[in-house]
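Remarks on the overall topology
Here are the chains, one letter per residue:
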Amino acid sequence: MAGADAIVDDAALEPLVARSDMADRLISADVPLARLQRACGGEIPGLIAAPDLLELVRKARGFGMRLGRPLAMRHAQGRLEGWAEVVPDAEGCTIRLSDWHAIESEAAPTSLPDEETRLAVENLLAEAMIWLDEGQRVLACETQAPDLAVLSQRVIGHRGAHWTTLFDFGNSDDVPAVWQARRGAKLAIEGSTRPWHLLLTSGSGGFRLLLRPLADFGEDEDGEADLLPPNLLRDELGPAMHGPVRRIIRQAEAIRDRMAGPLPREYREYAQDIVRAGKHLRELADELGDAEAIEHGIMEIAVEPVRISEIVDSACRILQGRADARRITLMAEQTALVAMVDRRRTLQILLNIVGNAIDYGPADSTVSVTTGQIGDMAELRVEDEGHALSPEDRIRIFDKFERLGRSGDSGSGLGLYIALMLARAMGGTVEAQAAEGGGNSFRITLPLA
Amino acid sequence: MRVELKRGDRVLSARGVVLRQLIATDDRSMFSDAIVSRVRAMAEDLARQVGYRLAVAAGERDARAWANSIADPLAGALIDEPTIVDHLHSVALEWQLTESMQRRAGVDPSLSPLLQALIGADDPTSSSLAMDLLTSQAAFARHQQRMSLPVIELPAEVLFSVLETLRHAVAGDLAFEAHARNAEHAIREAYDESQCRISLANRLVAALGAGAFAALSITHAGVAVFLSALAAATGDNRDTVAVATSESQLARLALSLRAAGLSNAEIEREFYAIHPDITLPDGFGRLQGGDARALLTGQGVADDGRG
């Protein structure tokens, strides 16, 4: 990691090459381009994350022409610029960036020391280090730990192969191993009974894998609910999310304010939505521990008269992109009802339930939000056309950390639990029912004003 | 019939604007007969090239004669497209400036002092780029003397618009729709935007990096590179910058130069080179680069006021 205002990092005569497919996903890329893709929040393979490059690739494909233009791509830690040539063919595009310069700067100064501290600690605790080249291929391994002898042998056998072939990551997860490793991943190593923590870091001219045993820390990162320290959410997870979320908001604001140049109006609106959703997430990250606070009856809920339509509209707007991605139609009914609720908490309940309906319902279906009145309560119904839950699951789904056997990184299993707790704290409730004609119906009741 | 009516409508609606422009402005350069006829001629040339490819695709025996026969209506359709006509207008103005720079200041249309220096330089990248640009600029000059413009020299957006116009022109006739697709395919295959003269100039400016400042002198860099450099420095479209060199756009040119970071003396020098008989407005020297950029983009004055 370079200092906060380190400048030119790389420049070369050899052009950088990358490939994209027919859906404008980056399939392969040379290191600086791959780094840019990640710095912009993308993955490989994944939709091209740098907006300027994406626009150029889309244009080349749309026109069916070879394009050549100067290109400057910015991301949080600097920029990559040069002369871009995009050649479309039957399978996608070949991207070539010549006369390029990679400039590292503006590294978020506040987060840097944290990151450096973390790296220093990881280095200190590491019992094994594996060196990788620029393509993340295995070069060498150094370890004193006797239970890593098998791994050490394996490294010799796998020299030149991609490092992920060294380990068994399981296969339930959608997240590529490389991504887990960037953030730090837990894994088992052949020949060792201890659980290990693996971290992928970039060094000069290549990468390094740091391996440290987990047991020494007395930590178990995806343990059961009971094993979690009671204040984990509030004291650890919340603050840990603060940095990334702040960056999302800052970058989205940069897009919204067109800091890197002109942008079609629609993109500005998307950015506006990202900012809004990001801010919402930030507030929640700060207060995620409130789930427990509710349980202990020390939750602060600021109720005020709020138009239900307003909250439903906000939720639908925030989720519109997610719905579009799965070609799901969001239908929200207008209503004049005014409820006596905490605006943000209610939005959170809706975001969670409607979000679930979008994520777990079938593609090309409809999710509807209807509103009605029962006595002095407002009733919101979120209905999907998904697989109907069994009667037991309809109750179990509100349990803490319950994910109904789903794996992957798309949820904590806390959402519905929090939604239920929040609704109860406001004098309402949430329950799951079978919808008429199949699908699920989540019924939210809230006190009217 | 409908097409004819539509064009008639457009002429009528634009009549006021055009007349007012022609009568009111002192600037004879922007819409001079020479410019207008050059735009017209280039459009006809484009139409002939596209028509020729279409005739070849259709297997016409005398492709050239056939292309000539449809050149006129097709050229009309091309001129009806704002993307195309704007670009042709900019090209015509660029050439006009290139010619006048040669006449007044002896700047060679293809080989400028900057290019000469770059070709002789050690850096293989800029040297070969400069060489490519030299040949491409020479070809451009030769074509402009004949008032022609190869279709593969167009920026991608403009070429796309040309191909779209062709598609519309043959719509309805199934056989010719197929021929047009083949012709289009042939043109697309031959096209490589990064080999266009304008792209080469842009690329050269990008490759100069910080040295691109040297390209902001029109007598040193030549018109083509100067326009690319000014566009890169101001973030403006190159075509817009080309139009800014005409007499009615003095303010835009002065502001662009300021926004590009040139000093008073340098701006005066460039201004004198482009418009020898015009002096800068009073008080211009006090205008800061940031303000100039704000004025150009039509936004509020930047609060930091940096130069």
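With that settled, consider the pairing of strand β14 (residues 329–332) of chain A. Residue and element names in this part refer to chain A. Here β14 shows a clear split, with L330 and A332 buried on one side and none of T329 and M331 buried on the other. For β14 and strand β16 (residues 366–374), the ladder comprises four bridges, and the chain directions are parallel. For T329, the partnering residue across the bridge sits in β16 and is T366.

All names here are of chain B. Formed by 110 residues in total, the largest nonpolar core has its most connected members in V162, L204, V205, A215, V225, F226 and A229. In terms of residue count, helix α11 (residues 223–234) provides more of this core than any other element does, ten residues in total. Not counting residues within four places of it along the chain, the set of residues in contact with V225 comprises S112, L114, A201, L204, V205 and A215.

It is worth spelling out the sheet that holds strand β19 (residues 440–447) of chain A at this point. Residues and elements named next belong to chain A. Within the open sheet, the five strands sit side by side as β14-β16-β17-β19-β18. Their pairing is mixed. Two strands bound the open sheet, and with one partner strand each, they are β14 and β18 (429–434). Taken over all neighbouring pairs, the strand axes of this sheet differ in orientation by 20° on average, direction set aside. Where strand β17 (residues 377–383) meets β19, seven bridges bridge the pair, whose relative direction is antiparallel. For L380, the partnering residue across the bridge sits in β19 and is I444. Helix α9 (residues 308–325) contacts β14, β16 and β17 of the sheet and is inclined by roughly 175° relative to β14.

Here we take up unusual backbone geometry. Residues and elements named next belong to chain A. Of the consecutive residues I44 and P45, the connecting peptide bond is found in the cis state with omega at 0°. Residue position: P45 is located in the loop between α1 (31–39) and β4 (46–47). A positive phi angle, near 60°, is found at D24, a position not held by glycine. Looking at where D24 falls in the secondary structure, it is placed in the loop between β2 (16–21) and β3 (25–29). According to the C-beta neighbour criterion, D24 is partly exposed, with 17 such atoms within 10 Å.

This next bit is on α1(A). Looking at α1(A), one finds that the buried residues are P32(A), L33(A), A34(A), R35(A), L36(A) and Q37(A). Directly after α1(A), the chain includes G41(A), whose backbone phi takes a positive value near 90°.

Bringing the confidence of the model for chain B into the picture now. Residue and element names in this part refer to chain B. On average, residues of chain B carry a pLDDT of 83, and 81% of them reach 70 or more. Averaged pLDDT values for the elements of chain B fall to 64 in helix α1 (residues 2–24) and rise to 92 in helix α7 (residues 156–170). Low confidence marks residues 300–307, where pLDDT is under 50. Its contacts with residues over four positions away, or in another chain, come to 15 contacts. Among the scores for the predicted complex, ipTM is 0.72 and pTM is 0.51.

Rules and cut-offs
- Residues numbered from 1 in each chain as written.
- Chains lettered and ligands numbered in written order.
- Predicted model: local features only at pLDDT ≥ 70, side-chain atom pairs only at ≥ 80, totals over all residues.
- Buried ≥ 20, exposed ≤ 12 C-beta atoms within 10 Å, placed from the backbone.
- Helix = DSSP H or I, 4+ residues; strand = E, 2+ residues; numbered from the N terminus.
- Pairing = 2+ DSSP bridges.
- Core = buried A, V, L, I, M, F, W, Y, C linked by C-beta atoms within 7 Å.
- Contact = placed C-beta atoms within 7 Å.
- Axes fitted to C-alpha atoms, helices over the stretch in contact; angles between N-to-C directions.
- pLDDT = per-residue confidence, 0-100.

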